[in-house]
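Residues per chain are reported as follows:
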Amino acid sequence: MARGEGKGESVARLSNQIACIKYTLFCFNIVAWFIGTQVLLFVLTVIGSAILLDFSTMNSSIQPLIRHTMLRFIVTSEHPHSSAALKLIQESIGCCGADGPNDYMVMRQPLPLECRDTVTGNAFFHGCVNELTWFLEDKSVWAAIMAMILAAVHTCNGVLGIVLVQALKREEEAMNRR
């Protein structure tokens, strides 16, 4: 045998093995990525949008929770945290009590200044349950739209990943034919 004979064959075999390992790892990472980042995020985005829309519209599941929390804040309004939360909500939203100013009277609590319009001095007519729901409804539609756009981007990203894997397989087949 002459010097160097048979080494080209082992180098080619080693090169093919390295390429096989490289593409196998790449494919495993792509599959893991699709299953972990894309599918999970798509499902979470769709579920999150549905929950967001359910919890943010009139007669939704969140209204009893807001009502219960507001009434609890009114009952415990002597505590600084409850008082601060009531003040923040009622001043920034322009509402009074859970369902209106009568909530304070039923619970024998004084009507706070935050429940009054600073210009007229009259108590706000609407309760915070309806005002917060109207506030959230407007914001939640935009958030749901953005979430669905994000889900569409994840879907496109997944399709493009599959196309990339197929292109790499074709490229490998073309290089093996040479």
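Look above for the structure.
In this numbering scheme, every chain counts its residues from 1 along its sequence in written order. Local features in a predicted model are, by the rule used here, given only for residues with pLDDT of at least 70; side-chain atom pairs are given and counted only at 80 or more, and totals for whole chains, interfaces and linings are based on all residues. Processing note: side-chain calculations cover all non-hydrogen atoms of the structure and skip hydrogens and water entirely.

S.K.: What am I meant to see in a nonpolar patch on the surface here?
M.R.: Here the term patch refers to residues with relative accessible area over 30% and no salt bridge, with like charges joined within 9 Å and nonpolar side chains (Val, Leu, Ile, Met, Phe, Trp, Tyr) within 5 Å. For the area figures, the Shrake-Rupley method with a 1.4 Å probe applies, and any residue is considered shielded solely by the protein chains shown. Whenever Lys or Arg places a side-chain nitrogen within 4 Å of a carboxyl oxygen from Asp or Glu, that contact is recorded as a salt bridge. A cluster of nonpolar side chains, contributed by L53, V141, W142, I145, M146, I149, L150 and V153, occupies part of the molecular surface with about 750 Å² of accessible area. Think of it this way: any DSSP run of H or I at least four residues long counts as a helix, any run of E at least two long counts as a strand, and we number them from the N terminus. Topologically, V141 is positioned in helix 5 (residues 128–177).

S.K.: Help me out: how do you make sense of the environment of M148 in this one?
M.R.: One can find M148 in helix 5. Each residue is placed in one exposure class: buried if its accessible area under a 1.4 Å probe, protein chains only, is under 20% of its type's maximum, exposed if it is over 50%, and partly exposed if it falls in between. Residue classification places M148 among the partly exposed positions, given a relative accessible area of 41%. Taking C-alpha positions, M148 is 46 Å from R178, a pair spaced 30 residues apart along the chain. Look past the residues within four positions of M148 in its chain and what remains in contact with it is T45, V46 and S49. Contacts were defined at the residue level, with two residues in contact if any of their heavy atoms lie within 4.5 Å.

S.K.: Would you mind showing me how to read the state of the cysteines here?
M.R.: Structurally, a disulfide amounts to a covalent bond that connects the sulfur atoms of two cysteines. By disulfide we mean two sulfur atoms from cysteines, separated by a distance within 2.5 Å. Under the counting rule described, the total for this entry stands at 2 disulfides. One disulfide in the model links C95 with C128; its S-S distance is 2.0 Å. The chirality of the disulfide connecting C95 with C128 is right-handed, given an S-S dihedral of about 85°. A residue pair is termed long-range when its members are at least 10 positions apart, and C95 in the loop between helix 3 (80–93) and helix 4 (102–106) and C128 in helix 5 qualify at 33 residues. Accessibility assignment for this pair places C95 and C128 in one class, buried. Between the sulfur atoms of C96 and its disulfide partner C115 the distance amounts to 2.2 Å.

S.K.: Please explain the layout of surface pockets as it appears in this structure.
M.R.: One simple way to see leftover space: roll a probe sized like a water molecule over the atoms. The calculated volume of the largest pocket comes to roughly 170 Å³. A12, S15, N16, A19, C20, Y23, E171, E172, M175 and N176 are the residues that line the largest pocket. Each residue belonging to the lining of the largest pocket can be placed in one class, and the counts come to 5 nonpolar, 3 polar and 2 charged. Only protein atoms enter the 1 Å grid, on which a cavity is a set of points fitting a 1.4 Å probe that cannot get out and a pocket is an open set with protein on both sides within 12 Å along at least 5 of 7 lines, lining residues being those with an atom within 4 Å of a point. Grid points are joined across faces, edges and corners, and a volume is the space filled by probe spheres set on the points. Note on residue categories: nonpolar means Ala, Val, Leu, Ile, Met, Phe, Trp, Tyr, Cys or Pro, charged means Asp, Glu, Lys or Arg, and polar means any other residue, Gly included.

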